[in-house]
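As a plain string of letters, each chain reads:
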Amino acid sequence: MKKTKRQLKALAALNLDLFEPEVISVPAPATIHARIRDCARPAAVAVSSLDEVEAPELATELPSVAELYSLFDRYNWMYFEGALPRPSVEYSPRMTSAGAYLPGRRLIRMGLKYHRIFPEEIADTLKHEMIHIIHLKHDAAFKAEASRIGASLRAKSHPSLRRPPRYIYVCDNCGCEYPRQKRLRMASCGTCSTGGRYDRRFKLRLKDSANRRQKTLRR
Ligand SMILES: [Zn+2]
Ligand SMILES: [Zn+2]
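Residues numbered from 1 in each chain as written. Chains lettered and ligands numbered in written order. Predicted model: local features only at pLDDT ≥ 70, side-chain atom pairs only at ≥ 80, totals over all residues. Heavy atoms only, no water.

K.L.:
Would you take a moment to explain the coordination of the zinc ion (ligand 2) for this structure?
P.N.:
By definition of the ideal shapes, four donors in a tetrahedron about a metal sit 109.5 degrees apart, and six donors in an octahedron sit 90 or 180 degrees apart. Within the first shell, the zinc ion (ligand 2) binds the protein through Cys 171 (SG), Cys 174 (SG), Cys 189 (SG) and Cys 192 (SG), at distances of 2.2 to 2.3 Å. Look at where the donors of the zinc ion (ligand 2) fall in the sequence and you get C-x2-C-x14-C-x2-C. Judged by relative accessible area, Cys 171 falls into the buried class, the value being 1%. (Donors = N, O, S within 2.8 Å, 3.2 Å for Na, K, Ca; no water. Buried < 20%, exposed > 50% of the residue type's maximum accessible area, 1.4 Å probe, protein only.)

K.L.:
Is there a simple way to think about the coordination of the zinc ion (ligand 1) in this case?
P.N.:
Within the protein, the zinc ion (ligand 1) binds to His 128 (NE2), His 132 (NE2) and His 138 (NE2); these donor distances fall in the range 2.0 Å. Of note, the zinc ion (ligand 1) draws all its donor residues from one chain, in the sequence arrangement H-x3-H-x5-H. Of the two residues, His 128 is situated in helix α6 (residues 122–134) and His 138 in the loop between α6 and α7 (140–149); the sequence distance between them amounts to 10 residues. For His 138, a relative accessible area of 35% corresponds to the partly exposed category. (Helix = DSSP H or I, 4+ residues; strand = E, 2+ residues; numbered from the N terminus.)

K.L.:
Whenever I open this one, α6 confuses me. Can you help?
P.N.:
Since there are 3.6 residues in each turn of an α-helix, residues three or four apart along the chain are aligned in direction. Of all 13 residues that make up α6, 12 are buried, and the element is covered over most of its length. For α6, every residue scored as buried is listed here: Ile 122, Ala 123, Asp 124, Thr 125, Leu 126, Lys 127, His 128, Glu 129, Met 130, Ile 131, His 132 and Ile 133.

K.L.:
What should I look at first to understand the nonpolar core in this one?
P.N.:
Grouped burial of nonpolar side chains is what soluble globular proteins tend to show. If you look at the biggest cluster of nonpolar residues, it comprises 25 residues, and the most contacted ones within it are Tyr 91, Ile 108, Met 110, Leu 126 and Met 130. Those elements that provide at least two residues to this core are α4 (65–80), β1 (88–92), β3 (107–111), α6 and α7. Counting residues per element, this core draws most heavily on α4, at seven residues. Ranked by size, the runner-up nonpolar core spans 10 residues in total, among them Tyr 167, Cys 171, Cys 189 and Cys 192. (Core = buried A, V, L, I, M, F, W, Y, C linked by side-chain atoms within 4.5 Å.)

K.L.:
How should the sheet that holds strand β5 (residues 177–180) be read in this particular structure?
P.N.:
Strands pair in a sheet through their backbones, by hydrogen bonds, and they do so in one of two ways: parallel or antiparallel. If you trace the three strands from one edge of the open sheet to the other, you get β5-β4-β6, paired in antiparallel fashion. Where the open sheet ends on each side, the last strands, each with one partner, are β5 and β6 (205–209). Strand-to-strand, the axes of this sheet are offset by a mean angle of 25 degrees, without reference to chain direction. For strand β4 (residues 167–170) and β6, the ladder comprises four bridges, and the chain directions are antiparallel. In the sheet register, Ile 168 faces β6, and the bridge partner there is Asp 208. (Pairing = 2+ DSSP bridges. Axes fitted to C-alpha atoms, helices over the stretch in contact; angles between N-to-C directions.)

K.L.:
Can you help me understand the environment of Met 186 in this one?
P.N.:
As for its placement among the helices and strands, Met 186 is situated in the loop between β5 and β6. Residue classification places Met 186 among the exposed residues on the basis of a relative accessible area of 61%. C-alpha of Met 186 to C-alpha of Tyr 198: the two residues are 12 residues apart in sequence and 7.5 Å apart in space.

K.L.:
Explain the pattern of salt bridges to me, please; I cannot follow it from the model alone.
P.N.:
Once their charged atoms are close, side chains differing in charge can pair, the charge on each being opposite to the other. Scanning the model with the defined rule gives six salt bridges in all. The shortest N-O distance in the salt bridge between Asp 73 and Arg 86 comes to 2.9 Å. Taken together, the residues Asp 73 in helix α4 and Arg 86 in the loop between α4 and β1 connect sequence positions 13 residues apart. Of the residues examined, Asp 73 reaches a relative accessible area of 28% and is grouped as partly exposed. Classification of Arg 86 as partly exposed rests on a relative accessible area of 45%. (Salt bridge = Lys/Arg side-chain N within 4 Å of Asp/Glu carboxyl O.)

Remember, this is a structural readout, not a statement about activity or role.
Below, the structure written as structure tokens:
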């Protein structure tokens, strides 16, 4: 399938975790989605209030949750003789990875942000997470199933989807910046400190934080 400009740009910033899935023999997802859309009324999708503004976009680009269940059933029959127990399936507006399976809650989560960039990978992600219902880890058994049904081997995520750092620390000695999600208490620059130990001469200084940025915006 031809990639859009936005996808190519995103792919350029890619880490090795993301790769092209093998060509699979089932109809292209676009065809499946179109067919499902013809037969099924789009259902409302549960997203948090954070995402409500963007939700309409979902109706045109991504399958609804009801359609995800239909896809699940379809793949269950195609590849597992219908033997997989049906988990809950939902979109996660916050997750930056493509998908996840939570065995404790018997829940498949599909990353909304990821699939807004790569909508054609929905089917692949779903198949990958379906294998996790029977094989939790990406072990040899998982890989055998993945190649049998033509699903990606590894969970995919995209660096451009990661949340911006809450804190940015800087080393005044070498100028290195350390973006972090968590506050650092006793930390010194890894480049300047010797022997991998804390060195107070190179203690990191808080340069910027999400709080400060908020305050600046309010001014
Ligand atoms: Zn996985
Ligand atoms: Zn330094």
